[in-house]
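# What the coordinates show
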Amino acid sequence: MKTDLPQSFRRLEYRSPNYTFGQVELDIALDPARTIVKSRLEVLPGKSHEPSAPLILQGQELEFVSLRINGEAHRHFELTPETLSIHSLPNDGKDPFVVEIICICVPEKNTSLMGLYVSNGNFFTQCEAEGFRKITYFLDRPDVMAKFRVTLRAREAEYPVLLANGNLLTTEKLPNGWHSAIWEDPFPKPSYLFALVAGKLECIEETITTSSGARKLLQIWVEPHDLKKTRHAMDSLIASIHWDEKRYGLELDLERFMIVAVSDFNMGAMENKGLNIFNTKYVLAQPETATDVDFANIESVVAHEYFHNWTGNRVTCQDWFQLSLKEGLTVFRDQEFSADQMGSESGRAVKRIEDVRTLRQLQFPEDAGPMAHPIRPDEYQEINNFYTVTVYEKGAEVVRMYQTLLGVNGFRKGMDLYFKRHDGQAVTCDNFLAAMADANERDFSQFKNWYSQAGTPRVKVEERYDAAQKQYHLTLSQSCATSPGQPEKKPFHIPLKVRLLTTANDHVEQLLELKETKQSWTFDNINELPVLSINRHFSAPINLDFAQSEVDLLRLFSNDDDAFNRWESGQKLAMQMILENRLPDVQLINAYRNLLMDPKLDSAFKELALTLPAETYLYEQCACVDPEQIYSSRRAFRRALASGLRLEWAALYQQMQTPDGFKSDAISAGKRALKNLALSMLLEADAPIWSAMAVNQYQNADNMTDRYAALAGLVIHGVKAAKECLDDFYQRFADDPLVVDKWFALQSSRPPVDGAEPTLTDVYRLREHEAFKMNNPNRVRSVIHAFCMANPASFHQADGSGYAFWAEAVLALDPINPQVAARLARALDRWRLFSQPYQGKMHAYLEEVAACKTLSADVREVVSKALGN
Ligand code: B3K
Ligand code: ZN
């Protein structure tokens, strides 16, 4: 009987496979309308093989042509839309046998961008998590690791370049204008790391020598007109390779490493073995077209994908529930890499602050909402929905906590043991934890709760100072709200860095390990009432419940030697005042002034310290969100900062100029960030006075950071000249899709402006623009996602118009690209947190989407979980 209930996959139902593969040979004749895939699979019985078990291969949207076993046509099989089940295997499948399959797929019709597809006339693949099954029938699961040899064939005039994983063995000219290339990957890999690329591409290349003295060829492949924008990505790749050798002793294991850029891509990039495929957004950069943030993102995504070569590819995941094993660890590695590239201690703090901001803005809401899941989920309906900020960013925080508990050297010992034990294997998060524990002889049994429990823990702080005994008593208690399917939580193992700040400056930082529900510590020889600095450097991903006085917070904001906590205290002060609808008082304005004018502090740090907590983070502090109230209270606070410090902003705007031509280093980027904040603050305070200066910056900038910041200032502050500059911007950059994306995104993410028409009116207009394309994910994200997910003040309208737009967009996108639609579907996750009429309207539109009978599994899971079904 067919049931309409969605299928759930459960972690505890993992079974090792009945069969596995030895050598895999693929022969792929590429044609957009009809690609013929021939596979030859050496099948072996799996470790726990059940005799006479059928061989069940996954396959989707394939046209089956033929099946042979050991060279003979085989007729004992069954086809469903998802599987090919083969019965009557030679000797009940107890001995190795060879399966040969021929099937056909249609890349030009593939708009989901999973499997084999066409973009700008070239072929690309995306196989993680389950895209390989759209190319051929296979054991498409990460614990089946096989050696691949791939023959690619295509018409040479249209597809002169043919790339696949590993090393190029031969190329050959074929009859009728076709040619072929044979690639072999020496390392066994799961199917999700398979990749091929074919088309009219060119590359820049470099040869480098790695630590063992081996020569390696590095290539970055792009469309010919983009070659001039690849230098930064190449430099980032070289820096990543050297960093991994130095920090972890991990060397590049292939003779050749390639990155290819594609403009139609569901996410940022993909770590296919030796053939990384990237969204153009994370490869192409030149100062004229990319901002400082783009440059930094490219560096970190290039590093991330490269680091996967060891953490993900050499050691991979047993099943998809273990995704954080590779993603959390690799994000941690790329964060550490980027921090090291900053070149200074305060630069490291800047990177840490940025990462924590992301965590709080995106992951904390997820962890408190209907899609909350542990970093190692227990259940999913569609794995693509679990490439989440929890698995990635909270996963990285969990890895960071090992390093906090063990020290950098202890962590390295754990990594060494992990590779020694598991190189070439598909393993679990438990294996990683065991390596960390065993290498350091530590008991991490309680630490496992970070893998099994969702939700952001809350740590309550109580303090008491005993002047007579010169003792300071600290009591910490932890709790964690319930999560879907998790009514009770066990206590977490929480590392907290603390320091007691005194005038004598005589207490040093300590690491406390909170393991009980409630635990106390006594500090002796404390000669005066100290100010507590806790969770320094954000040593644990928690919320603090600590009624620290505003006087103490101000002291920390002005003096804490931990730059992260200095920033943190300022954020807390601002947050409290905004939530209470207060404006900054004289003391706070003075503290901001001192910080801004302190010559010892990094400009980038100053910019972060003066940036207010995001609206979505403020929402999470409320029992019942009134989005308009939060927006106006935050905006009023900002306006007060702008006008209270207008002399300083004007002075900084001049001081932070970088007149000697564009430089991309962190110091120069920090100056630009602070200068552009100053510009935005001046416009906030007195737009009519400063708009000419902003227009001037827009017109004369020699780099995109400055040009875009000026344009954004004009648009956001509703300056009349904005329209003309927006038109000019489009004209200038109309042939550069990544810049056109910025143009769209800026307009879609504009907050409400007094007297101007609502942003949504613009968004409807943008959707009709000649350059808008519903099947290009970057373009869709720059218009639709930017409005629904990065513009809370315009999205949440009391008349529900934003939600109506959302529902229509989700339903329109779903048949084209379920992954991109499902991401958008999550915009209403937190509906229960809102006041009326917002809450009721969101609920109604969620129901409307859920009522659609033909939803993809991706969107179905998101909306049904949001509705609590
Ligand atoms: N591993 C890929 C993400 C694949 C997403 C599939 N839906 C990129 C990364 O994390 O490096
Ligand atoms: Zn990754």
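Right above here is the structure, for reference.
Read on for a plain summary of the structure. Since the model is a prediction, treat every value here as computed from it, not as a measurement.

A separate point is the sheet that holds strand β17 (residues 202-209). Pairing in this open sheet of five strands is mixed, and the strands run β17-β18-β19-β21-β20 from one edge to the other. Unpaired on one side and paired on the other, β17 and β20 (269-270) mark the two borders of the sheet. Relative to strand β21 (residues 275-279), β20 runs antiparallel, the two sharing two bridges. In the sheet register, Met 270 faces β21, and the bridge partner there is Ile 277. Across the face of the sheet, helix α1 (residues 231-248) comes into contact with β17, β18 (215-222) and β19 (256-262) while running at roughly 25° to β17. Contacting β19, β20 and β21, helix α2 (residues 292-307) runs over the sheet at an angle of about 150° to β21.

A word on the side chain of Arg 707. Here Arg 707 shows up in helix α16 (residues 704-716). Put simply, Arg 707 is tucked away with no salt bridge, and the nearest opposite charge, on Asp 728, sits 5.3 Å away.

So, about the site of ligand 1. Taken together, 14 residues are adjacent to ligand 1, and Glu 128, Ala 269, Glu 271, Glu 305 and Tyr 392 come closest. Between ligand 1 and Glu 305 there is a distance of 2.8 Å, counted from an oxygen atom to a side-chain nitrogen or oxygen. Its free accessible area being 340 Å², ligand 1 has 94% of it covered by the protein chains. Contributions of two or more residues to the shell around ligand 1 are made by β20, α2 and α3 (323-341).

What follows deals with the pairing of strand β27 (residues 494-501). Taken across its eight residues, β27 has seven buried, putting it largely inside the fold. Where β27 lies against strand β28 (residues 510-514), five bridges are found, and the strand directions are antiparallel. Along β28, the bridge assignment pairs Pro 495 with Glu 513. Here four bridges tie β27 to strand β30 (residues 531-534), and the two strands are oriented antiparallel to one another. If you follow Leu 501 over to β30, its bridge partner there is Val 531.

So, about the packing of aromatic side chains. Aromatic ring pairs are reported here in terms of the distance separating the ring centres and the angle at which the planes meet. Tallying each qualifying case throughout the model produces 44 aromatic pairs. Measuring from centroid to centroid gives 4.9 Å for Phe 64 and Phe 77, while their planes differ by 45°, and the two rings are tilted. Here Phe 64 is found in strand β5 (residues 63-69), whereas its partner Phe 77 is found in strand β7 (residues 77-79), with 13 residues between them in sequence. With a centroid separation of 5.6 Å and 70° between ring planes, the pair formed by Tyr 402 and Phe 444 is classed as edge-to-face. With a gap of 42 residues between them, Tyr 402 in helix α5 (residues 389-422) and Phe 444 in the loop between α6 (429-440) and α7 (449-452) connect regions that are remote in the sequence. There is no split in this pair, since Tyr 402 and Phe 444 are both buried. Ring pairing ties together the aromatic residues Trp 243, Tyr 248, Phe 257, Tyr 306, Phe 307, Phe 332, Phe 337 and Phe 411, which thus form one cluster. Over the ring of Phe 187 we find Lys 273, and its NZ or CZ is 4.4 Å from the ring centre.

This brings us to the environment of Asn 559. Tracing the sequence through the fold places Asn 559 in helix α8 (residues 550-559). As a C-alpha pair, Asn 559 and Asp 506 span 53 residues in sequence and 15 Å in three-dimensional space.

The tally for this structure, following the rule as stated, stands at 60 salt bridges. Between Glu 156 and Lys 173 there is a salt bridge; the shortest N-O distance is 2.7 Å. Here Lys 173 lies in strand β14 (residues 167-173) and Glu 156 lies in the loop between β12 (146-155) and β13 (161-164), a separation of 17 residues in the sequence. Using a relative accessible area of 28% as the deciding quantity, one classes Glu 156 as partly exposed. Note on Lys 173: relative accessible area 61%, which makes it exposed. When salt bridges with common partners are traced through the structure, they connect Arg 247, Glu 336, Asp 340, Arg 348 and Arg 400 into a single cluster.

Here α16 contains 13 residues, and its C-alpha end-to-end distance of 17 Å stays within 8% of the 18 Å for a straight helix at 1.5 Å per residue. Counting buried residues along α16, 10 of its 13 residues qualify, which places the element largely inside the surrounding structure. Listed in full, the buried residues belonging to α16 are Met 704, Thr 705, Asp 706, Arg 707, Ala 710, Leu 711, Ala 712, Gly 713, Leu 714 and Val 715. Buried residues along α16 sit against α2, α15 (666-700), α17 (722-733) and α18 (737-748). For α16, the side-chain oxygen to backbone nitrogen distance between the N-cap and Thr 705 is 3.1 Å, and the N-cap itself is Asn 703. Directly beyond the C-terminal end of α16, a positive phi value near 60° is found at Gly 718.

With that out of the way, let us pick up unusual backbone geometry. Here the residue pair Glu 128 and Ala 129 is connected by a cis peptide bond, since its omega of -5° sits within 30 degrees of zero. In this fold, Ala 129 is placed in the loop between β11 (122-126) and β12. In the segment running from Gln 836 into Pro 837, the intervening peptide bond is cis, with an omega of 5°. Its identity as a non-glycine residue notwithstanding, Asn 91 has a phi of 50°, on the positive side.

This brings us to the pairing of β17. With eight bridges joining them, β17 and β18 adopt antiparallel strand pairing. Bridge pairing links Cys 203 to Trp 221 in β18. Remark: five residues form the turn of the hairpin made by β17 and β18, two consecutive strands paired antiparallel; Gly 213 in that turn has positive phi of roughly 90°.

So, how was this worked out
Per chain, residues are indexed from 1 in the order of the written sequence. Chain letters and ligand numbers both follow the written order, the letters beginning at A and the numbers at 1. Residue-level local features of this predicted model are given only where pLDDT is at least 70; pairs of side-chain atoms are given and counted only at 80 or more, and the full residue set underlies all totals for whole chains, interfaces and linings. Derived side-chain values reflect all non-hydrogen atoms in the structure, with water molecules and hydrogen atoms excluded from consideration. By this definition, two strands are paired if DSSP reports at least two bridges between them. For helices the rule is a DSSP run of H or I covering at least 4 residues; for strands it is a run of E covering at least 2, with both sets numbered from the N terminus onward. We call two residues in contact when some of their heavy atoms are within 4.5 Å. Whenever a helix is involved, its axis is fitted only over the stretch in contact; in every case the axis is a line through C-alpha atoms, and angles between N-to-C directions fall within 0 to 180 degrees. Exposure categories follow from relative accessible area, calculated using a 1.4 Å probe and restricted to protein chains: below 20% of the type maximum is buried, above 50% is exposed, and the middle band is partly exposed. Counted as positive: Lys and Arg. Counted as negative: Asp and Glu, with His and the chain ends omitted from the count. Salt-bridge detection follows one rule: a side-chain nitrogen of Lys or Arg within 4 Å of a carboxyl oxygen of Asp or Glu. Working definition: residue near molecule or strand if any one of its non-hydrogen atoms lies within 4 Å of it. Polar contact is defined as a pair of N or O atoms within 3.5 Å, subject to the rule that within protein one atom must be able to donate a hydrogen and the other to accept it, and that residues adjacent in sequence are counted only when both atoms are side-chain atoms. Shrake-Rupley sampling with a 1.4 Å probe provides the accessible areas, and residues are treated as covered by the protein chains on show and by no other component. Side-chain rings of Phe, Tyr and Trp, where Trp is taken by its six-membered ring, are said to pair if the distance between their centres is within 6.5 Å; with planes under 30 degrees apart they count as stacked, over 60 as edge-to-face, and otherwise as tilted. A ring is scored as having a charge over it whenever the NZ atom of a lysine or the CZ atom of an arginine sits within 6 Å of its centre and within 35 degrees of its normal. By definition here, a helix of n residues has an expected span of 1.5 Å times n minus one.

By themselves, these observations are geometric and do not establish any function.
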